[in-house]
Every structure is written in C-alpha cells, then in structure tokens.
Amino acid sequence: MPDTGTTASQLSPEVREALATGRPVVALESTIIAHGLPRPRNLAVAEELEGLVRSGGAVPATVAVLDGRPRVGLDKDELARVARDDSVRKLGHRDLAPAIATGASGATTVSATAFLAARAGIRVFATGGLGGVHRGWAETQDESADLRLLARTRITVVCAGVKSILDVPATLQRLETLGVPLLGYGTDLFPGFYLSSSGEPVDWTVRTPEEVAAVMGAQDALGGPAAAIVVANPVPEADQLDPALHDRVLTEALAACAERGVSGQAVTPFLLDLLMRRTGGASLEANLAAVRGNVRLAARIAVAAARKNGAWAEGARTEGAG
Ligand code: PSU
Ligand code: MN
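Now for a look at the structure at hand. (Residues numbered from 1 in each chain as written. Chains lettered and ligands numbered in written order. Predicted model: local features only at pLDDT ≥ 70, side-chain atom pairs only at ≥ 80, totals over all residues. Heavy atoms only, no water.)

1. Details of the overall build of the protein chain
- Counting its regular elements, the protein chain contains 13 helices and 11 strands.
- For 322 residues, the compact-globule estimate of 2.2 N^0.38 gives 20 Å, and the C-alpha radius of gyration of the protein chain, at 18 Å, lies within 12% of that figure.
- Dimensions of the protein chain along its principal axes, counting C-alpha atoms only, are 55 × 45 × 35 Å.
- Long-range contacts, defined as pairs at least 24 residues apart, comprise 75% of the intrachain contacts of the protein chain with a sequence gap of at least 6.
- Split by element, the accessible area of the protein chain, about 14100 Å² in all, is 52% carbon and sulfur.
- Side-chain charges of the protein chain comprise 32 positive and 36 negative groups, with the mean position of each set lying 4 Å from the other. (Helix = DSSP H or I, 4+ residues; strand = E, 2+ residues; numbered from the N terminus. Rg over C-alpha atoms; globule rule 2.2 N^0.38 Å. Contact = heavy atoms within 4.5 Å. Areas by Shrake-Rupley, 256 points an atom, 1.4 Å probe, with all protein chains shown as cover. Lys, Arg positive; Asp, Glu negative; His and termini not counted. Charge placed at Lys NZ, Arg CZ, Asp CG, Glu CD.)

2. Section: the nonpolar core
- In this structure, Leu130, Leu150, Ile155 and Phe190 are the most contacted members of the largest nonpolar core, which totals 64 residues.
- Mapped onto the domain boundaries, this core takes at least three residues apiece from domain 1 (1-122) and domain 2 (125-311).
- Residues in contact with phenylalanine 190, not counting those within four places in the same chain, are Gly161, Val162, Val168, Leu172, Leu182, Ser197, Ser198, Gly199, Glu200, Pro201, Val202 and Ala232.
- The next biggest cluster of nonpolar side chains, apart from the first, holds 45 residues, and it includes Ile32, Leu37, Ala46 and Val291. (Core = buried A, V, L, I, M, F, W, Y, C linked by side-chain atoms within 4.5 Å. Buried < 20%, exposed > 50% of the residue type's maximum accessible area, 1.4 Å probe, protein only. Domains from an automatic or database assignment.)

3. Quick look at the pattern of salt bridges
- Under the counting rule described, the total for this entry stands at 13 salt bridges.
- For glutamate 78, the salt bridge goes to arginine 71, with nearest N and O atoms at 2.6 Å. Of the two residues, glutamate 78 and arginine 71, neither departs from the other in class, the shared state being buried.
- Of the charged contacts, one joins glutamate 143 and arginine 174 as a salt bridge, the two residues approaching to 3.0 Å between their closest N and O atoms. Of this pair, glutamate 143 sits in the loop between helix H7 (137-140) and helix H8 (145-150) while arginine 174 sits in helix H9 (residues 168-178), and the two are 31 residues apart along the sequence.
- The network of salt bridges with common partners includes Asp67, Arg81 and Asp85. (Salt bridge = Lys/Arg side-chain N within 4 Å of Asp/Glu carboxyl O.)

4. Digging into the site of ligand 1
- Around ligand 1 lies a shell of 18 residues, among which Glu29, Lys90, Val110, Ser144 and Thr268 are the nearest.
- Within the side chain of aspartate 146, an N or O atom sits 2.8 Å from an oxygen atom of ligand 1.
- When ligand 1 sits alone it has 470 Å² of accessible area, and the protein chains cover 94% of it.
- Elements that contribute at least two residues to the shell around ligand 1 include exactly helix H2 (31-35) and helix H12 (267-278).
- Across the shell around ligand 1, the residue classes tally to 4 nonpolar, 10 polar and 4 charged.
- When residues are assigned to domains, the shell around ligand 1 turns out to be shared by domain 1 (1-122) and domain 2 (125-311), each giving three or more. (Near = heavy atom within 4 Å. Polar contact = N/O pair within 3.5 Å; in protein donor to acceptor, adjacent residues only side chain to side chain. Nonpolar A, V, L, I, M, F, W, Y, C, P; charged D, E, K, R; others polar.)

5. Comments concerning the packing of helix H11 (residues 243-259) against H12
- In contact at an axis separation of 9 Å, H11 and H12 are set at 135 degrees when each is read in the N-to-C sense. Taken together, the axes of H11 and H12 are oblique relative to one another. Classified by chirality, the crossing of H12 by H11 is right-handed. Counted together, Val249, Leu250, Glu252, Ala253, Leu254, Ala256 and Cys257 of H11 and Val267, Phe270, Leu271, Leu274, Leu275 and Arg278 of H12 form the full contact between these two elements.
- Of the residues in the contact of H11 with H12, the class split is 11 nonpolar, no polar and 2 charged. (Axes fitted to C-alpha atoms, helices over the stretch in contact; angles between N-to-C directions. Parallel < 35°, antiparallel > 145°, perpendicular 65-115°, else oblique. Left-handed = near helix turned anticlockwise from the far one by under 90°.)

6. A few points about H9
- Regarding H9, the residues found buried are Val168, Thr171, Leu172 and Leu175. Here the buried residues of H9 occupy an arc of 100 degrees about the axis, which is enough to place them on one side. Facing away from the buried side of H9, by more than 90 degrees, are the exposed residues Glu176 and Thr177.
- Its buried side turned inward, H9 meets H8 and strand S9 (182-185).
- One or two positions beyond H9, positive phi appears at glycine 179, with a value near 75 degrees. (Arc of directions from axis to C-beta.)

7. A word on unusual backbone geometry
- With an omega of 0 degrees, the peptide bond between arginine 39 and proline 40 qualifies as cis.
- Mapped onto the elements, proline 40 comes out in the loop between H2 and helix H3 (41-55).
- Notably, aspartate 67 is not glycine yet its phi reads approximately 50 degrees, a positive angle.
- Turning to its location among the elements, aspartate 67 is positioned in the loop between strand S3 (59-66) and strand S4 (69-72).
- The phi angle at glutamine 141 is positive, at roughly 55 degrees, despite the residue not being glycine.
- For glutamine 141, the location among the structural elements is in the loop between H7 and H8.

8. Considerations on the side chain of histidine 246
- Mapped onto the secondary structure, histidine 246 falls in helix H11.
- Residue class for histidine 246 comes out buried when judged on its relative accessible area of 4%.
- Of the polar contacts made by the side chain of histidine 246, one reaches the side chain of aspartate 247; its length is 2.9 Å.
- The contact partners of histidine 246, leaving out residues within four places of it in the chain, are Ser164, Tyr194, Leu195 and Leu241.

Spelled out as structure tokens, the structure:
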C-alpha cells in the first residue's frame, strides 16, 4: 500500500469483510465502557451491546486505540483489556495523534469514535448520550468536542439525547448553529438521557429505521460538506430515572464538582459516577436501558440503510469470521 502519510485504522477481519460486502455495521464507542460504567459490570455490558448489534442483524465494531494503533472491531480479549486496564486513557478526537505517536492505549469518546468509524466507512454509530455544552459554560467554556466533530463527519449517531448533566438548551442551540441535523425518534421532544424527555422540542420526528435511512440517503444526494445526523431516541418511560430524584441528586453532584475543582476530561466521568452512587445505582440502570435501546435501534437503521443501498441482500448473507 502506498504511504499516504495517514495512519490507517486496523479493522477486525469481520468488520473488514462486512464493509467490503455492504453488510450493516454499527460502531460502538469505548469511553462509556472504560470510564462511564463501573467495573466489572462494564465488560459484561460491552459484550451485551455487541450481542444486541448481532441479534439486530448487523456487525458490531467497538472502537479503541491499542498500543498506538486505532482499532475498529475488537476481539474478546481486546474488549476485556479496554474494560479492565487502568492505563487505558480517555481519547477525544484531538488525542488521537498524540496517542498514536506515543504508542498509548485509550478508549474513544463520541468524537474520536465517530472520526475513526466514518473514516473506515461505517455509517451508523450508537452511544448513550452525546457530550455537549456544560452548565456554567460562561465561566469554564467547557463544550464537549463531540459537537464540532459531528458537525464535520458523515455518520448517523443514535443517542438518548445529550447527558442531562449538561446545559441541554445551550447544546441544542449549538447543534443548530453547527448545522447538525437532529431527528427525534418517535418523539417531538428531545430526550433527556436518564429521562425520557428533556422538555425541549425537536423540529423533526421520524418513526421507523427506514425513515432514518431515507434522511441519510437525502443527505448523501444533497452533497455539500459532511455532517452527522443525530437520532435522538428516548429511554422508555418505564426505565427512566425518577425525575424528582434526578433533579435533586444532579444539583448535589454539580455542587460537588465545582467544590472539588474537577475540570476538563474528568468532569463527565465524575458526575456520572457520583449520580450513580447517590441514586443507589438507579441512574446506572437508566443509562444502560438508554444505551441498549440505542444499540438496538442503530442495528435496525444500519440494516435499513444497507438494504436501501442494495449492495446487501439478506439471502446472500454469510456468517462473519467472529
Ligand atoms: N454516553 C454515556 N456514557 C459516557 C459517554 C457517553 O452513556 O460516558 C461518554 C462519551 O464517550 C462522550 C463523552 O463522548 O462521555 C463526553 O465526554 P466530554 O464531556 O469530556 O467530552
Ligand atoms: Mn469537556
């Protein structure tokens, strides 16, 4: 292969084969595994999420950087390493080059995962909640790199909105300013991550995976600069965190964060962990319910998009190498 001056990601054989034959693939991020969920449950969840993609008829591609090499699709041992190894860092898009150059290992956030997945040719990506504009932005200027990266990356991201620890209206405004299409899935209210609704309206509502695939097709046909499509899929009401408990504990957690001077990359993991402990684990269950729903929906969207592209016929489907 000619040296183009770029570091190619290493695709797992199964993901490579699926992409070459037009089979549906769903990218999964690894920061939620390494830094967003408690051990040892995180590994069980990582495996469960890959299983949900498979039962939806798609191939899972968990993304991470291992020993300085971007990886798209991990085997069982590699997934376990991401879940258990203390030296696994948190890598946003801007951290990729330093991690590669120094041979570091890290879990990828939404920004780094979307970048690597899109570059590998993957069209659909599932996560829990996007990063966004933090409360108190006027003092800290803390806005997740997720937003700007999604504004220039062609990938469809299925999420339960943005994390409710954020300033949700400000984040919605940023998505509008940055030109990122936003679709409510089965709802005209923007989901609230742990909660089914944030109370904020969305302009566009879709109700089936085929409708999402149609938006993807229209965006492709339109051309122009690449942008993501955000599909905001609410956690079912039965699985949401009790809203009163959510509001009370979140206020406490935000105060603790400010008091201890937590900043930068540490803010999101700190808040998610404190919420989990202060809700007796209830926020974790709501988070997991949201992620599971997003992963299932992402698989259905990937299948609908692959069908639409016609390159993939279920009848001709071969079982992958994994
Ligand atoms: N969704 C979850 N849990 C998480 C995250 C998303 O349910 O831990 C992660 C994602 O990787 C997202 C990151 O990109 O949190 C945002 O971190 P920050 O605010 O530092 O950009
Ligand atoms: Mn941040």
